[in-house]
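# Chains, contacts and geometry: an overview
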Amino acid sequence: MQRLSAKEEDAMKITTFDPMIISSKPDAIIEVFEALGFERTHAPVTETEHGMVACVRLKNADGYHVDVADVQSVPQDVTFIRMNVDDFAEAYDLLIAHGFKNTRGDGTVDTKSAKAATMVSPSGFTISLIEHKKD
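What counts and how
Residues numbered from 1 in each chain as written. Predicted model: local features only at pLDDT ≥ 70, side-chain atom pairs only at ≥ 80, totals over all residues. Heavy atoms only, no water. Phe/Tyr/Trp six-rings, centres within 6.5 Å; stacked < 30°, edge-to-face > 60°. Buried < 20%, exposed > 50% of the residue type's maximum accessible area, 1.4 Å probe, protein only. Patch = residues over 30% accessible without salt bridge, like charges linked within 9 Å, V, L, I, M, F, W, Y side chains within 5 Å. Areas by Shrake-Rupley, 256 points an atom, 1.4 Å probe, with all protein chains shown as cover. Salt bridge = Lys/Arg side-chain N within 4 Å of Asp/Glu carboxyl O. Lys, Arg positive; Asp, Glu negative; His and termini not counted. Charge placed at Lys NZ, Arg CZ, Asp CG, Glu CD. Helix = DSSP H or I, 4+ residues; strand = E, 2+ residues; numbered from the N terminus. pLDDT = per-residue confidence, 0-100. Core = buried A, V, L, I, M, F, W, Y, C linked by side-chain atoms within 4.5 Å. Contact = heavy atoms within 4.5 Å. Polar contact = N/O pair within 3.5 Å; in protein donor to acceptor, adjacent residues only side chain to side chain. Arc of directions from axis to C-beta.

Let's shift gears to the packing of aromatic side chains. Inspection of the entire model under this criterion finds three aromatic pairs. Their ring planes at 90 degrees and their centres at 5.4 Å tell us that phenylalanine 33 and phenylalanine 38 sit as a pair that is edge-to-face. For phenylalanine 33, a relative accessible area of 18% puts it in the buried group. The class of phenylalanine 38 is buried, set by a relative accessible area of 12%. For the ring pair phenylalanine 88 and tyrosine 92, a centre distance of 5.8 Å and an interplane angle of 20 degrees mean the geometry is stacked.

Among the surface-exposed residues, Asp86, Asp87, Glu90 and Asp93 lie close enough to one another that they form a single negatively charged patch. With respect to the secondary-structure elements, aspartate 86 resides in the loop between strand 6 (78-85) and helix 3 (88-97).

Quick look at the confidence of the model for the protein now. For the protein, the mean per-residue pLDDT works out to 88, and 87% of the residues sit at or above 70. Confidence scores differ between elements of the protein, with helix 1 (residues 6-10) showing the lowest mean pLDDT of 54 and strand 7 (residues 101-102) the highest of 98.

Now for the nonpolar core. The biggest cluster of nonpolar side chains holds 12 residues, and these are Met12, Met83, Val85, Phe88, Ala91, Tyr92, Leu95, Phe100, Ala117, Met119, Ile127 and Leu129. Elements supplying a minimum of two residues to this core: strand 6, helix 3, strand 9 (114-120) and strand 10 (126-132). Looking at which element gives the most residues to this core, the answer is helix 3, with four residues. Those residues within four positions of phenylalanine 88 in sequence are excluded, and the remaining contacts are Thr108, Lys115, Ala116, Ala117, Leu129 and Glu131.

Looking now at the side chain of asparagine 84. Checked against the element boundaries, asparagine 84 lands in strand 6. Within polar-contact distance, the side chain of asparagine 84 engages the side chain of histidine 132 at 3.2 Å. Ignoring anything within four residues of it in the chain, the contact list for asparagine 84 reads Lys13, Ile14, Thr15, Thr16, Ile130 and His132.

A few words on helix 2 (residues 26-35). Listed as buried for helix 2 are Pro26, Ile29, Ile30 and Phe33. Projected onto a plane normal to the axis of helix 2, the buried residues spread over an arc of 100 degrees and lie on a single side. Along helix 2, exposed side chains directed more than 90 degrees from the buried face belong to Asp27, Glu31 and Ala35. Two residues or fewer after helix 2 comes glycine 37, characterised by a positive phi angle close to 100 degrees.

With that out of the way, let us pick up the environment of glycine 105. Position of glycine 105 relative to the elements: it lies in the loop between strand 7 and strand 8 (109-110). Here glycine 105 falls in the partly exposed class, since its relative accessible area comes to 44%.

This brings us to the environment of phenylalanine 125. If you trace the backbone, phenylalanine 125 turns up in the loop between strand 9 and strand 10. Of the residues examined, phenylalanine 125 reaches a relative accessible area of 42% and is grouped as partly exposed. The contacts of phenylalanine 125, once residues within four sequence positions are left out, are Ile81, Phe100, Met119 and Val120.

Spacing of three or four residues puts side chains on the same side of an α-helix, whose turn is 3.6 residues. Listed in full, the buried residues belonging to helix 3 are Phe88, Ala91, Tyr92 and Leu95. Down the axis of helix 3, the smallest arc covering the buried residues is 100 degrees, so these residues share one side. Residues of helix 3 that are buried sit in contact with strand 6, strand 7, strand 9 and strand 10. Backbone geometry just downstream of helix 3 places glycine 99 in the positive-phi region, at approximately 90 degrees.

In structure tokens:
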């Protein structure tokens, strides 16, 4: 059995890491990915400060995922990295330590099933940080 290094043992657990496309025209984007062989697997709707946001999760035969969120307030498509973690506070603190800013100040989107924050790096790339609540 291979032994993990101390750094690997202490590493935060990332459970999902894939692109998320935010768009006011999600159907056209979903159509492209379906033509590429992706299939819809999940379509949650979440209440945010922008109203109700529908997000379609797609997966292809090789296991790759892409999420497409319907946000009518964006003037053009925006791509985030979706990162689900098992410890929101740990991941949040790590990103803050690396200069990321939360777009909601210190606020989060809290639903019955998840806690989330949109984190922007000093260079401008964005991570949608999510922890799904466990029962």
